[in-house]
Amino acid sequence: MTQPINWIERMTVDLKKTFCTLQLVNRHMRHELRRSGKSDAEITRDILDPWKSSGYIQLQDIFTPKADGTIPRRILLEGEVGIGKSTICKKLANDWRTREKYIRDKFNIILLIDVKKFKGSLKRALREQGLISDCIDLNGFWEYIQKQSDRVLWVVDGLDELHPSNATEIIQLIQGDIFHDSTVFSTSRTCQWECVIKCDYQVFDREIVNIGFTDTVAFDMIRSYFKVSKKSDVNADALIRAVEKDSELKYLCRNPLMCIFLSILWEDATS
């Protein structure tokens with residue numbers, strides 16, 4: 001279970017049942033399309049077209065080999081605030097826990113680091129962030145993941161929030177100076193990671209952008225919200241009709257967090 005909005009305790013969801021597909025696209029392809037004048041909504045329509053879908057990346061394909069056969073070891077996911085980057089990290093961890101084949105077959109261990117809570121030491125973070133229980137010897141576990149490093153997935157959530165005083169080991173991890181054979185999946189707000197990692201070579205060998213919901217998925221989330229809050233479907237249908245008529249509201253609904261906020265405001269205004 002996860003709590004999508006920290007201050008609404010009554011709203012907890014089962015990721016397995018409620019995770020909504022987000023549109024993950026090749027970062028460089030998206031950059032070129034935006035430079036040509038296309039909006040993310042237009043890019044979304046293109047990637048849903050089977051004849052134009054070469055830039056579309058499904059969650060289960062993130063760790064698959066690239067076109068040249070090499071295995072991506074340093075993966076970046078970018079996206080705006082509230083677009084669902086942290087939710088994808090939790091989804092990866094949940095899929096590993098529930099033995100989803102695409103991730104469990106590749107990794108023996110998954111370690112999810114919340115950068116906001118990171119205090120400078122990866123080893124200490126295992127204990128500080130509750131990644132291993134108190135009954136497990138920390139030194140022994142650290143030796144184990146070093147020996148099995150090619151079967152370890154590090155998930156670094158919020159790279160753009162890394163404080164310079166705590167940055168050294170995270171940067172070493174991403175650059176491959178430590179745990180070189182491990183896979184590192186990092187998230188960041190768009191282009192903000194470049195303020196943290198400054199080097200003359202390409203750090204990431206797979207770069208992805210999360211551009212949010214399609215209209216259909218956004219409307220499904222609105223219906224799910226009113227179902228969880230035990231409000232009438234009439235409220236959901238009325239909000240969906242309003243969104244369909246307003247291009248600015250439709251644009252907001254690409255973002256999962258904005259979609260939920262809009263549902264909350266609509267609920268308050270009609271109650």
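Up top is the structure.
Let me sum up the structure you'll find in this document.

Overview of the pairing of strand E3 (residues 74-78)
So, point 1. With respect to burial, E3 is a largely interior element, 5 of its 5 residues being buried.
So, point 2. Examined bridge by bridge, E3 and strand E6 (residues 183-188) share 5 bridges and lie parallel to one another. What sits directly across from Leu76, in E6, is Ser186.
So, point 3. As paired strands, E3 and strand E7 (residues 206-210) are joined by 4 bridges and run parallel to one another. Note that in E7 the partner of Ile75 across the bridge is Arg206.

A closer look at helix H12 (residues 256-270)
Note on helix geometry: an α-helix contains 3.6 residues per turn, so any two residues three or four positions apart are oriented the same way.
So, point 1. Here H12 spans 21 Å end to end across 15 residues, near enough to the 21 Å set by a 1.5 Å rise per residue.
So, point 2. The backbone nitrogen of Leu257 lies 2.9 Å from a side-chain oxygen of the residue at the head of H12, namely Asn255.

Concerning helix H4 (residues 85-97)
So, point 1. Compared with an ideal rise of 1.5 Å per residue, which puts 13 residues at 18 Å, H4 spans 19 Å between its outermost C-alpha atoms and is within 8% of the ideal.
So, point 2. Those residues of H4 not exposed but buried are Lys85, Ile88, Cys89, Lys91, Leu92, Asn94, Asp95 and Trp96.
So, point 3. Downstream of H4 by a residue or two, Arg99 has a phi angle that is positive, lying close to 65°.

Some words on the pairing of E7
So, point 1. By the criterion of burial, E7 is predominantly enclosed, with 5 of the 5 residues buried.
So, point 2. Residues Arg206, Ile208 and Asn210 of E7 are buried on one face, and the alternating residues Glu207 and Val209, pointing to the opposite face, are buried as well.

Examining the packing of aromatic side chains
So, point 1. In total, this model carries 6 aromatic pairs according to the counting rule given.
So, point 2. With a centroid separation of 5.3 Å and an interplanar angle of 85°, the aromatic rings of Trp142 and Phe179 are classed as edge-to-face. Here the residue Trp142 occupies a position in helix H7 (residues 138-147), and Phe179 occupies one in the loop between helix H8 (168-175) and E6, the gap between them amounting to 37 residues.
So, point 3. Classification of Trp142 as buried rests on a relative accessible area of 13%.
So, point 4. With relative accessibility at 10%, the residue Phe179 sits in the buried group.

With respect to the packing of helix H9 (residues 215-228) against H12
So, point 1. As a packed pair, H9 and H12 sit with axes 10 Å apart at the nearest point and diverge in direction by 45°. In terms of axis orientation, H9 runs oblique to H12. In the packing of H9 onto H12, the handedness of the crossing is right-handed. Contacts between H9 and H12 pair Ala218, Met221, Ile222, Tyr225 and Phe226 from the former with Pro256, Cys259, Ile260, Ser263, Ile264, Trp266 and Glu267 from the latter.
So, point 2. Residue composition of the contact of H9 with H12, by class: 10 nonpolar, 1 polar and 1 charged.

Concerning the nonpolar core
So, point 1. Counting 31 residues, the largest nonpolar core has Leu126, Ile145, Trp154, Leu162 and Ile170 as its most contacted members.
So, point 2. At the level of secondary structure, the elements contributing two or more residues to this core comprise strand E4 (109-114), helix H6 (122-128), H7, strand E5 (152-157) and H8.
So, point 3. If near-sequence neighbours (up to four positions away) are discounted, Trp154 is found in contact with Leu111, Ile113, Leu122, Leu126, Trp142, Ile145, Leu173, Phe179, Ser182, Thr183, Val184 and Phe185.
So, point 4. If you look at the next biggest cluster of nonpolar residues, it comprises 18 residues, including Leu77, Leu92, Phe107 and Phe185.

With respect to the pattern of salt bridges
So, point 1. In total, this model carries 8 salt bridges according to the counting rule given.
So, point 2. Residue Lys116 pairs with Asp114 through a salt bridge whose shortest N-O separation is 3.6 Å.
So, point 3. Among the residues examined, Lys116 registers a relative accessible area of 55% and is labelled exposed.
So, point 4. With its nearest N and O atoms 3.5 Å apart, the salt bridge here joins Asp220 to Arg223. You can see Asp220 and its partner Arg223 sitting in helix H9, 3 residues apart, about one turn around the helix.
So, point 5. Among the residues examined, Asp220 registers a relative accessible area of 38% and is labelled partly exposed.

Overview of the side chain of Asp114
So, point 1. Take Asp114: it is sitting in strand E4.
So, point 2. Separated by 3.1 Å, the side chain of Asp114 and the backbone nitrogen of Lys116 make a polar contact.
So, point 3. Residues in contact with Asp114, not counting those within four places in the same chain, are Gln129 and Asp157.

Reading the values: rules and limits
Residues numbered from 1 in each chain as written. Predicted model: local features only at pLDDT ≥ 70, side-chain atom pairs only at ≥ 80, totals over all residues. Heavy atoms only, no water. Buried < 20%, exposed > 50% of the residue type's maximum accessible area, 1.4 Å probe, protein only. Helix = DSSP H or I, 4+ residues; strand = E, 2+ residues; numbered from the N terminus. Pairing = 2+ DSSP bridges. Expected span 1.5 Å × (residues − 1). Polar contact = N/O pair within 3.5 Å; in protein donor to acceptor, adjacent residues only side chain to side chain. Phe/Tyr/Trp six-rings, centres within 6.5 Å; stacked < 30°, edge-to-face > 60°. Axes fitted to C-alpha atoms, helices over the stretch in contact; angles between N-to-C directions. Parallel < 35°, antiparallel > 145°, perpendicular 65-115°, else oblique. Left-handed = near helix turned anticlockwise from the far one by under 90°. Contact = heavy atoms within 4.5 Å. Nonpolar A, V, L, I, M, F, W, Y, C, P; charged D, E, K, R; others polar. Core = buried A, V, L, I, M, F, W, Y, C linked by side-chain atoms within 4.5 Å. Salt bridge = Lys/Arg side-chain N within 4 Å of Asp/Glu carboxyl O.

Spatial relationships are all this shows, so hold off on functional conclusions.
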